[in-house]
Every structure is written in structure tokens, then in C-alpha cells.
Amino acid sequence: FIVIQSLSLILMLWLTTRLGINPLLQAVDHIKKDQKIPITGAHELRYLASTYNKMYMAYQKSIDNLSYKASHDELTNLYNRAGYNLVIESIESETTAFLLIDADRFKDINDTYGHETGDKVLCKIARVLKKQFRSDDYVFRIGGDEFAVLMVHVSPELAELVTNKVESINRDLANDDDGLPKLSVSVGISMCSKDLTPHEWYREADAALYEVKRNGSNGCCIFRK
């Protein structure tokens, strides 16, 4: 009888540990690590874990949405200026080209066709830029009708490639089969280096962009020191 009682006690302790204590300890450990809880243990604990995991996933989705909205432009879904500030902290500047892009005579489009058409034109520019550049490159809407691209893993020898891309972009934007007015963009380019700060990239590209505008727009210019 004593042996049976001892075995029963050991079995109860083992079941309590396996179905109660261990799952609780695992749950606490996963909560501390901000992870989902394993669905193990007694029925009540499995129910609590499943409910917690649903709440956890809803919370994570909410955080992801907030993060996306904070770093992306609502109209075009491109990175916004806040996203730009985040991206420039992680790229290798010595193998990057910075393109500052301005829509030519965009104010005339707004005045002639209205702001709804103007928004559609901005979305078209965003689509064309995303199509023309690689998935590794970063495309931004800095504000208004101003866009930017960070082309990564390029070298100064590829300047001609960048120029060809701009020409291809303007060909796409001149196509009015979609019912939107024809337009073009002007692009100033800085071939970044580790000796330049992001502010200096922008200044160089802006100076090159000014040259394009001064010479009639619809083209690109690479900053030369």
C-alpha cells in the first residue's frame, strides 16, 4: 500500500510538473522574450496560450502597420522622408548613387487637370520608378513632386547605366495610353562616396538637378567636382 501511495504521489507530481509547472515556466520565458507561447500542458493552459497568441499576433500586426505608415508615403506607398532617414543609416555609401528627381511642370498639370489627376500622375511616377530600378534599390517620395532613389552596389563607371535608366523613365512617362497627361522628370545625380555625408549627397544632386532645369528640364546630370 505504501509503495502504491508513493508511486501515485510520484505520478501526480510528474503530471503536475509536465502539465502545469513546465508550461507556465515556458510561457513566462517566451513572454519575456516577446514571443508566442507554446500551446502545451493542461487544457486550461492550452486555451490561455491560444488566446494569448491571438492577442500577440494582433498586437504585432498593429505595430507593423504603424511602422509601415510611419516610413511610407500614403499616396504612392514609396518610402517617405522618415524612411529615407532610416535607410541611409544602413547603406554602403561608397557603392551608392543618389538620384534626386523632380517632376517637370507638375504645377501646370495640377492647375490644368485638377489635384485628383495630379495624384494619379504622382502614382504613375512611383510605379515607373519602381519598375525601372532593381528590387535592391530604394525609391522615395521626399515630398510634393520630389522623389529620390538610392541605387546600391554601383560604381562611378556605371554612370552611363544610370543615364540610360533616366531616359527610359522619361519614355514611360511620355506614354499617355493610360489617359494621363504626358510628363517628364529632371534628375540630379550624386555618385556617393564614404567621404561625403548624406547632406552632401543631397546638395550635390540638387546642384546637378538645377543644371538640368536650367538647360530645359527632361533629362539628367551627374554632379562633377
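Procedures and definitions
- Residues numbered from 1 in each chain as written.
- Predicted model: local features only at pLDDT ≥ 70, side-chain atom pairs only at ≥ 80, totals over all residues.
- Heavy atoms only, no water.
- Helix = DSSP H or I, 4+ residues; strand = E, 2+ residues; numbered from the N terminus.
- Phe/Tyr/Trp six-rings, centres within 6.5 Å; stacked < 30°, edge-to-face > 60°.
- Expected span 1.5 Å × (residues − 1).
- Buried < 20%, exposed > 50% of the residue type's maximum accessible area, 1.4 Å probe, protein only.
- Contact = heavy atoms within 4.5 Å.

Asker: Break down unusual backbone geometry for me, with residues and values.
Answerer: The phi angle at His153 is positive, at roughly 60 degrees, despite the residue not being glycine. As for its position among the elements, His153 is in the loop between strand E3 (146–152) and helix H6 (159–173). Backbone geometry places Ser217, a non-glycine residue, at a positive phi of 70 degrees. Topologically, Ser217 is positioned in the loop between helix H7 (198–214) and strand E5 (219–222).

Asker: Could you give me a rundown of the packing of aromatic side chains, with the residues and numbers involved?
Answerer: Counted according to the given criterion, the structure contains five aromatic pairs. Both rings, one in Phe98 and one in Tyr202, keep their centres 5.9 Å apart while their planes meet at 35 degrees; by these two values the pair is tilted. Here Phe98, found in strand E1 (residues 96–103), pairs with Tyr202, found in helix H7; they are 104 residues apart in sequence, far enough to count as distant. Ring pairing ties together the aromatic residues Tyr79, Tyr84, Phe98, Tyr138, Phe140 and Tyr202, which thus form one cluster.

Asker: An account of H6 is requested, with residue identities and associated values reported.
Answerer: The end-to-end C-alpha distance of H6 is 22 Å, a good match for the 21 Å that 15 residues give at a rise of 1.5 Å each. Of all the positions in H6, only Ala159, Val162, Lys165, Val166, Ser168, Ile169, Asn170 and Leu173 are classed as buried. Where H6 is buried, its residues touch E1, helix H5 (115–132), E3, strand E4 (185–191) and E5.

None of the figures reported here should be taken as evidence of function without further support.
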